[in-house]
Amino acid sequence: MPDFDLDSLKKTWQQQPVQPKYNDSEILRMLNKRSRNYMKYIFWISAAEFLFFTILGLYYIVQSKESDSFLSILKRLGVEKDQRLEDTLDMIYLCIKIISLLVTGYFVVKFYQNYRKIKVQEDLKLFITRIIQFKKTVNAFIIINLALLVIFSLALTAFVIYTLQYQNIELSSETTLGFVLGLMISTVLCILLLWLYYRLVYGIIMKRLDKNLSQLKSIDANEA
């Protein structure tokens, strides 16, 4: 076993690189820059979503009809397919697409405006206020999209009920129960998948932004 050399240990310790020390001003600048970058990431993600769903919507309009799969469900319920039914369902899907794109487009603009308003050298209190406002905008975007999903499901359900009544179709209790359960399960699954997507994509960035916000508030409290 080698001898313990205290002098050698001290010399080795003194040769260790010293961690750089930053003052509050430098830390503040780094936090500001990071926060602004996180906002930029969210803007680009939302813009990519808008572009993706626009292209997807145009593809379905040109190549096929999304309503075909829903018409097959109606056919199993005994509904007779006609041109009026197809046109009405196509109009419902078109309205859903337009509303979804308008909502996403609106928030893309809001994210961009919030990002453009922020300056790295901005007053600390104003910067904190802008971050909090940006967080509220992101939360509103997520909640409204989840709410729209529920509203669209209810709209399609109302359409099914109206069609059944219009064609004087009476479903058995087993068929009605199966339809209601299937609709509820599919709606819940869609909401969960959408929530998980926002949780993973937006949640990770928002957590880092929250951490930066806490540090900025701490610096602001020390300066007060």
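As the structure is a computational prediction, the values presented were derived from the model and not from experiment.

Asker: What is the right way to read the layout of surface pockets from this model?
Answerer: Over the atoms a probe the size of a water molecule is rolled, and this reveals where empty space is left. As a volume, the second largest pocket reaches approximately 250 Å³. Forming the boundary of the second largest pocket are 13 residues, of which N139, I142, Y198, R199 and G203 lie nearest the centre. Here the lining of the second largest pocket takes eight residues from helix α6 (residues 173-223), the largest share from any one element.

Asker: What is the right way to read unusual backbone geometry from this model?
Answerer: Glycine aside, a negative phi is what most residues show, and trans is what most peptide bonds show. Although it is not a glycine, N168 sits at a positive phi angle of roughly 55°. Its location among the elements puts N168 in the loop between α5 (124-166) and α6. A residue is classified by how much of its surface remains accessible, and N168, at 68% relative accessible area, is exposed.

Asker: Even after reading the chapter, I still don't get the environment of R199, so can you show me in this structure?
Answerer: Here R199 shows up in helix α6. Residue classification places R199 among the partly exposed residues on the basis of a relative accessible area of 47%. For the pair formed by R199 and I142, sequence separation is 57 residues and the distance between their alpha carbons is 9.5 Å. Those residues in contact with R199, other than ones at most four positions away along the chain, are I204 and K207.

Asker: Explain the nonpolar core to me, please; I cannot follow it from the model alone.
Answerer: A general trend in soluble globular proteins is that nonpolar side chains are found buried together. Membership of the largest hydrophobic core comes to 47 residues, with the highest contact counts inside it found for I42, F70, L74, L89, F111, V138 and L216. The element contributing the most residues to this core is α5, with 15 residues.

Asker: Sorry if this is basic, but what is going on with a nonpolar patch on the surface here?
Answerer: Where nonpolar side chains cluster on the molecular surface, the patch consists of L177, V180, L181, M184, I185, V188, L189 and L192 and spans about 730 Å² of accessible area. Inspection of the secondary structure puts I185 in helix α6. Classification of I185 as exposed rests on a relative accessible area of 52%.

Asker: Where do I start with α5 in this structure?
Answerer: Three- or four-residue spacings in an α-helix give side chains the same orientation, since the helix completes a turn every 3.6 residues. With 43 residues, α5 should cover 63 Å at 1.5 Å per step; its first-to-last C-alpha distance of 62 Å lies within 8% of that length. Positive phi appears at N168, one or two residues downstream of α5, with a value of about 55°.

Asker: Help me out: how do you make sense of the packing of aromatic side chains in this one?
Answerer: The relative placement of two aromatic rings is captured by the distance of their centres and the angle of their planes. Considering all chains together, one arrives at 13 aromatic pairs under this definition. Judged by centre distance (5.7 Å) and plane angle (80°), the ring pair of F111 and F141 falls under edge-to-face. Here F111, found in helix α4 (residues 83-117), pairs with F141, found in helix α5; they are 30 residues apart in sequence, far enough to count as distant. Of the residues examined, F111 reaches a relative accessible area of 0% and is grouped as buried.

Asker: It is not clear to me how the pattern of salt bridges should be interpreted in this structure. Could you clarify?
Answerer: Think of it this way: side chains of opposite charge can pair up when their charged atoms draw near. Scanning the entire structure with this criterion turns up one salt bridge. Between K135 and D210 there is a salt bridge, with the nearest N and O atoms lying 2.5 Å from each other. Here D210 lies in helix α6 and K135 lies in helix α5, a separation of 75 residues in the sequence.

Asker: Teacher, can you tell me more about the side chain of T163 here?
Answerer: Among the secondary structure elements, T163 is positioned in helix α5. According to the relative accessible area criterion, T163 is buried, its value standing at 3%. When neighbours within four sequence positions are excluded, T163 is seen to be in contact with V79 and L85.

Asker: Honestly, the environment of L213 in this entry has me stumped. Any pointers?
Answerer: By the secondary structure assignment, L213 is in helix α6. Sequence spacing of L213 and I131 is 82 residues, and the spatial spacing of their C-alpha atoms is 7.3 Å. Residues contacting L213, with those up to four places away along its chain left out, are I128, I131, I132 and K135.

Here is what the cut-offs are and how they apply
Residues numbered from 1 in each chain as written. Predicted model: local features only at pLDDT ≥ 70, side-chain atom pairs only at ≥ 80, totals over all residues. Heavy atoms only, no water. 1 Å grid on protein atoms, 1.4 Å probe; cavity = no way out; pocket = protein on both sides within 12 Å on 5 of 7 lines; lining within 4 Å. Points joined across faces, edges and corners; volume = space filled by probe spheres on them. Helix = DSSP H or I, 4+ residues; strand = E, 2+ residues; numbered from the N terminus. Buried < 20%, exposed > 50% of the residue type's maximum accessible area, 1.4 Å probe, protein only. Contact = heavy atoms within 4.5 Å. Core = buried A, V, L, I, M, F, W, Y, C linked by side-chain atoms within 4.5 Å. Patch = residues over 30% accessible without salt bridge, like charges linked within 9 Å, V, L, I, M, F, W, Y side chains within 5 Å. Areas by Shrake-Rupley, 256 points an atom, 1.4 Å probe, with all protein chains shown as cover. Salt bridge = Lys/Arg side-chain N within 4 Å of Asp/Glu carboxyl O. Expected span 1.5 Å × (residues − 1). Phe/Tyr/Trp six-rings, centres within 6.5 Å; stacked < 30°, edge-to-face > 60°.

These figures come from the coordinates and say nothing about function on their own.
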